[in-house]
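Below, each chain spelled out in residue letters.
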Amino acid sequence: MKFIHLTDTHLVAGGGDLYGSNPKKRLQQAVTHFMAHQPDAEALVITGDLTHYGQADAYAQLREVLSSVDKPIYLIPGNHDHRDTLKEYFPSIECDGNGFVQYTKEFGDYLAIFLDTNEPGVSWGTFCGTRGAWLREQLEASTKPVMLFMHHPFFPIGIHSMDAISLRETTAFRVAIAGFEPRIRQVFFGHIHRPITGSYQGMPFFTLKGTNHQVALELHADADEGIPGRQEAPQYAIVQLSAEQILIHIEDFLEDSPRFTLKG
Ligand SMILES: [Fe+2]
């Protein structure tokens, strides 16, 4: 199975600009690009911050752009999103029994688990015992290898201003996955607006740049200096799954430098 992962689309009402670029146009460019270049992708995943201010019309704009995608679309909220407005504009989005946007899908040989780390009114993420109990139920009910999709990472990524707003109070999350770590073959997240990969306690993780604006690579600044923004080129990822491998390529979809043939 092949799917497309993109994140942090940050659409605003009226299809307006944000930080010097246009998030609606950027998302449309990403969609046009992967539809042309990866026509065999079977799904699209967007790991949160779908909108910047959680406005109703921003979700309407998002729905308009995504209407041209001819494959299933799996969304989760980020800290910039408004959970109820998201559900209103995407009424088919699945929820757990407690109103959180959490659900599972079969992705090839894997169980894809989509998690909701949104906490209304704050930038950091939360994962309460209620959400944790649901996650543990899903892990216990399956024997498949697992991929987790969530907006906030549950471990530090080294950019202090972003680590200050990652998942807080991780106890419920850690309790939920305790013992299942070897089955968690990949954690996909958003929030950081940078390409980062590695592993945490043996669990491989991956995130990438957003489609509109980025966080500058600044590993030494203090958290109280604010989040360093930057207009770097946007990305989406192409994820190919087999029983043996999770293979992730990153596409800089606005890259237009000339191609040539390398010799000898
Ligand atoms: Fe974001």
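Our structure's up above, just so we're on the same page.
Here we summarise the structure given alongside this text.

Conventions used here
- Residues numbered from 1 in each chain as written.
- Predicted model: local features only at pLDDT ≥ 70, side-chain atom pairs only at ≥ 80, totals over all residues.
- Heavy atoms only, no water.
- Helix = DSSP H or I, 4+ residues; strand = E, 2+ residues; numbered from the N terminus.
- Rg over C-alpha atoms; globule rule 2.2 N^0.38 Å.
- Contact = heavy atoms within 4.5 Å.
- Areas by Shrake-Rupley, 256 points an atom, 1.4 Å probe, with all protein chains shown as cover.
- Lys, Arg positive; Asp, Glu negative; His and termini not counted.
- Charge placed at Lys NZ, Arg CZ, Asp CG, Glu CD.
- Donors = N, O, S within 2.8 Å, 3.2 Å for Na, K, Ca; no water.
- Tetrahedral: all angles 85-135°; square planar, octahedral: opposite > 155°, others 65-115°.
- Pairing = 2+ DSSP bridges.
- Axes fitted to C-alpha atoms, helices over the stretch in contact; angles between N-to-C directions.

### Brief notes about the overall build of the protein chain
Secondary structure assignment for the protein chain yields 6 helices and 13 strands. Computed over C-alpha atoms, the radius of gyration of the protein chain comes to 18 Å, within 12% of the 18 Å expected from 2.2 N^0.38 for 264 residues, which places it in the range of a compact globule. For the C-alpha atoms alone, the extent of the protein chain along its principal axes is close to 50 × 45 × 40 Å. For the protein chain, the proportion of contacts with a sequence separation of at least 24, taken over those separated by at least 6, is 69%. About 11600 Å² of surface is accessible on the protein chain, with carbon and sulfur atoms providing 50% of the total. Computed over 21 positive and 32 negative side-chain charges, the separation of the two mean positions in the protein chain equals 4 Å.

### Notes on the coordination of the iron ion
At 2.0 to 2.2 Å from the iron ion lie its protein donor atoms, namely Asp8 (OD), His10 (NE2), Asp49 (OD) and His193 (NE2). For the iron ion, the 4 donor atoms in the first shell make angles of 87 to 176° at the metal, so the coordination geometry reads as irregular. Considered as a linear motif, the donors of the iron ion on their single chain read D-x1-H-x38-D-x143-H. Placement of the pair is histidine 10 in the loop between β1 (2-6) and α1 (23-37) and aspartate 49 in the loop between β2 (43-47) and α2 (56-66), with a sequence separation of 39 residues.

### A short note on the sheet that holds strand β8 (residues 196-200)
Read from one edge of the open sheet, 6 strands run β4-β5-β6-β7-β9-β8, paired in mixed fashion. On the outer flanks of this sheet lie β4 (103-107) and β8, each paired with one strand and no other. Looking at each pair of strands side by side, their axes are set apart by 20° on average, direction ignored. When β8 meets strand β9 (residues 203-207), the two strands line up antiparallel, connected through 5 bridges. Each bridged residue has a counterpart across the sheet, and for tyrosine 200 the counterpart in β9 is methionine 203. Across the sheet, helix α4 (residues 129-140) lies against β4, β5 (110-114) and β6 (146-150), angled at about 175° from β5, the strand it touches most.

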